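One letter stands for each residue in the lines below.
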Amino acid sequence: MQKSTFQAKVGLAEMLKGGVIMDVVNPEQARIAQDAGACAVMALERVPAQIRKEGGVARASDPKMITEIQQAVTIPVMAKVRIGHFMEARILEALEVDFIDESEVLTPADDDFHIEKHDFAVPFVCGCTGLGEALRRIGEGAAMMRTKGEAGTGNIVEGVRHLRSVNGHIRKLTRMRPEELMTEAKNLGAPYDLVKWVAENGRLPVPQFAAGGIATPADAALCMALGAEAVFVGSGVFLSEDPEQRARAIVDAVTHWEDAKKLAEISTGLGKPMSGLEINKLAEHERLAHRGW
Amino acid sequence: MAAAGRSSRAGAAVRTVGVLALQGGWAAHKAALTDLGHTAVEVRTAQQLAAVDGLCLPGGESTTHLKLIERFGLADALDRFVGSGKPVLATCAGLILSARAVEPRQKAFGWLDVEVARNAWGRQVHSFEGEADPPPRGGPFAGQAPLQLLFIRAPRITAVGPGVEVLATIDGEPIMVREGAVIGAAFHPELTPDRRVHRLTFGDPPIG
């Protein structure tokens, strides 16, 4: 028997497909998320929109709140660590969280290096803005990728950009001749073996989810239509007027994203979504997607 | 004619197999079925379910599956489908939905006379790959190589009713069972290259 193999890590990501992973800050929200049909929750102390507003250094959560959330629900519990902060990751591993998000939403702990994720028994998810970044993280051992989008803005434009960038680049690789792939790997800054694998298979070697700025059922459906296999919703649920209803609606929309009639029903009368931010009004230091490389 | 042909249809060859595609690992089942030559169809509505001859209930989160079955009014249609004796393969979360009783308590459809405990192998850090015990004598895999197993936050089968056949075990513990045309597995045959479990459930698709 072999525990925590890469296949077992990717296997959990496979089981989260077609689902919604919701940010929650306490056990009550976690229960609401589970009752709405979330396939997992992300336990953190402040959702990204709050982190934006309050500023300061954002760190991994207090183990107490993570443990309380683990006790409150039966679905998988994820938690975030700062980019490069492998000791925060060791602590989350000791708590037996089900997935660690090495996340740009928290303040980076290392400007040069991400975590060596193969070293851990617990699987990791990381954010990406394009294919090179995705393959670098997978090279380090990430078992799931998500777009970075621009977290805490309620604005889907960056998530769309990242999904299109990753998938457009994958399509480009599939049309390349074998001798072009090494140069492409060099230009992407990505491991050659993974570039070759993607060129041959036409997809990432791990599941690819969307995150960053999803606020409505239509946003979630748009991400699915652009090739995401599941979605993360951060601030979009619990900063909206009616979190229960909106949570259910986003779950339903990810299942029925191809059925516009159903989406119309699902989107009806949900109350106000979270208020959003325009990306070009953010200062450079407020752009979370630029953290990590 | 509810449960009439239930056991007689076990292993009957079918062409079109549905995969319940509400959430979870349905894409891998679809790929496995396509590998074997079946026409694999995503099922999200009662109408889609009515058009298939067999069904995979995939892994994923059973609580999510239950909510979506309830919200989209699929419970009766699923009950009728299984009751009609068409072949069903229920893996992981699908096994949990199919059980007679689930710990911690949640709705269960009782398509298999077994009790299961959710996440009973532990959280994700305890998920594992392994090998089943040598297949039981007199069973469908007798004399063959053991099944390769992938367990992900898997349920344990804690009690097995008298009419239920145990098809595979690990360290003597049941991990795959059959009752009539319904096969339940705590592991993920769709995520390994071994297609014996799908072939046993749905047979080889008819030619022509």
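Residues numbered from 1 in each chain as written. Chains lettered and ligands numbered in written order. Predicted model: local features only at pLDDT ≥ 70, side-chain atom pairs only at ≥ 80, totals over all residues. Heavy atoms only, no water.

Right, let's talk about the confidence of the model for chain B for a bit. All names here are of chain B. Averaged over all residues, the pLDDT of chain B equals 94, while 94% of them reach at least 70. Here residues 1-10 is modelled with pLDDT under 50, and outside its nearest four sequence neighbours on either side it reaches 14 contacts, counting other chains as well. For this predicted complex, the interface confidence reaches an ipTM of 0.95, while the overall pTM sits at 0.96. (pLDDT = per-residue confidence, 0-100. Contact = heavy atoms within 4.5 Å.)

By volume, the largest pocket amounts to about 710 Å³. Lining the largest pocket we find 34 residues, and of these Glu14(A), Lys17(A), Pro207(A), Glu229(A) and Ala27(B) sit closest to its centre. Only α1 (6-15), α7 (157-174) and α12 (243-255) of chain A together with α1 (26-35) of chain B provide two or more residues apiece to the lining of the largest pocket. Broken down by element, the lining of the largest pocket gets its largest block of residues, 5 residues, from α1(A). Of the residues assigned to the lining of the largest pocket, the class counts are 18 nonpolar, 9 polar and 7 charged. Here the second largest pocket is characterised by a volume of approximately 260 Å³. (1 Å grid on protein atoms, 1.4 Å probe; cavity = no way out; pocket = protein on both sides within 12 Å on 5 of 7 lines; lining within 4 Å. Points joined across faces, edges and corners; volume = space filled by probe spheres on them. Helix = DSSP H or I, 4+ residues; strand = E, 2+ residues; numbered from the N terminus. Nonpolar A, V, L, I, M, F, W, Y, C, P; charged D, E, K, R; others polar.)

Before going further, it helps to examine the environment of Lys64(A). Within the fold, Lys64(A) resides in helix α4 (residues 63-72). C-alpha separation for the pair Lys64(A) and Leu95(A), spaced 31 residues apart in sequence, amounts to 9.9 Å.

All names here are of chain A. With respect to the helices, strands and loops of the structure, Ser-267 is situated in the segment after α13 (260-266). Take Ser-267: its relative accessible area is 34%, and that puts it in the partly exposed class. Along the primary structure Ser-267 and Gln-245 are separated by 22 residues, whereas in three dimensions their C-alpha atoms are 9.8 Å apart. Within polar-contact distance, the side chain of Ser-267 engages the backbone oxygen of Leu-263 at 2.7 Å. (Buried < 20%, exposed > 50% of the residue type's maximum accessible area, 1.4 Å probe, protein only. Polar contact = N/O pair within 3.5 Å; in protein donor to acceptor, adjacent residues only side chain to side chain.)

Residues and elements named next belong to chain A. A full pass over the atoms with the stated rule returns 35 salt bridges over all chains. Across the pair Lys-148 and Glu-133 runs a salt bridge, and its minimum N-O distance is 2.6 Å. In this pair, Lys-148 sits in the loop between β7 (144-147) and α7 while Glu-133 sits in helix α6 (residues 131-139), placing the two residues 15 residues apart along the sequence. Take Lys-148 and Glu-133: they sit in the same class, and that class is buried. (Salt bridge = Lys/Arg side-chain N within 4 Å of Asp/Glu carboxyl O.)

Once that is clear, we can look at the sheet that holds strand β8 (residues 148-151) of chain B. In any sheet, the strands associate via hydrogen bonds between backbone groups, in a parallel or an antiparallel arrangement. The strand order across the open sheet built from 3 strands is β1(A)-β7(B)-β8(B), with neighbouring strands paired in antiparallel fashion. Bordering the open sheet on either side are β1 (2-3) of chain A together with β8 of chain B, each of which pairs with just one other strand. Relative to β8(B), strand β7 (residues 128-131) of chain B is paired through 4 bridges, and the arrangement is antiparallel. Of the residues in β8(B), the one forming a bridge with Glu129(B) is Leu150(B). (Pairing = 2+ DSSP bridges.)

Looking now at the side chain of His162(A). Residues and elements named next belong to chain A. Examined against the element boundaries, His-162 turns out to sit in helix α7. Owing to a relative accessible area of 4%, His-162 belongs among the buried residues under this scheme. Ignoring sequence-local partners within four residues, the contact set of His-162 consists of Cys-128, Thr-129, Thr-147, Lys-148, Gly-149 and Ala-289.

Turning our eyes to something else, we now look at the packing of helix α10 (residues 217-225) of chain A against α12(A). Residues and elements named next belong to chain A. In contact at an axis separation of 8 Å, α10 and α12 are set at 25° when each is read in the N-to-C sense. Relative to α12, α10 is oriented roughly parallel. You can see that α10 and α12 cross each other, and the crossing is right-handed. Residues Pro-217, Ala-220, Ala-221 and Met-224 of α10 pack against Arg-246, Ala-249, Ile-250, Ala-253 and Val-254 of α12. Here the residues of the contact of α10 with α12 sort into 8 nonpolar, no polar and 1 charged. (Axes fitted to C-alpha atoms, helices over the stretch in contact; angles between N-to-C directions. Parallel < 35°, antiparallel > 145°, perpendicular 65-115°, else oblique. Left-handed = near helix turned anticlockwise from the far one by under 90°.)

Evaluated as defined, the whole model comprises 3 cavities of 30 Å³ or more. For the largest cavity, the calculated volume is near 200 Å³. Along the wall of the largest cavity there are 24 residues; nearest its centre are Asp23(A), Pro48(A), Ala151(A), Gly212(A) and Gly234(A). Its residues assigned to classes, the lining of the largest cavity shows 9 nonpolar, 9 polar and 6 charged. When its volume is computed, the second largest cavity comes out at roughly 100 Å³. Contributing to the lining of the second largest cavity are Leu12(A), Met15(A), Gly60(B), Glu61(B), Ser62(B), Cys92(B), Ala93(B), Ile96(B), Arg118(B), Asn119(B), Ile152(B) and Arg153(B).

Here the focus is the packing of helix α8 (residues 181-188) of chain A against helix α9 (residues 192-201) of chain A. Packed helices, taken two at a time, are described by their axes: the angle between them and the distance between them. Residues and elements named next belong to chain A. Between α8 and α9, the shortest axis-to-axis distance is 9 Å and the interhelical angle comes to 115°. Along this stretch, α8 crosses α9, giving a crossing that reads as right-handed. Where α8 abuts α9, its residues Leu-181, Met-182, Ala-185 and Leu-188 lie against Tyr-192, Val-195, Lys-196 and Ala-199. Classifying every residue of the contact of α8 with α9 by side-chain character gives 7 nonpolar, no polar and 1 charged.

Put simply, Glu103(B) and Pro104(B) share a cis peptide bond, and its omega is -10°. A positive phi angle, close to 50°, is found at Ser4(A), a residue other than glycine. Considering the arrangement of structural elements, one finds Ser4(A) in the loop between β1 and α1. Given a relative accessible area of 15%, Ser4(A) falls into the buried group. Despite not being glycine, Asn119(B) shows a phi value in the positive range, around 50°. You can call Asn119(B) partly exposed: its relative accessible area is 22%.

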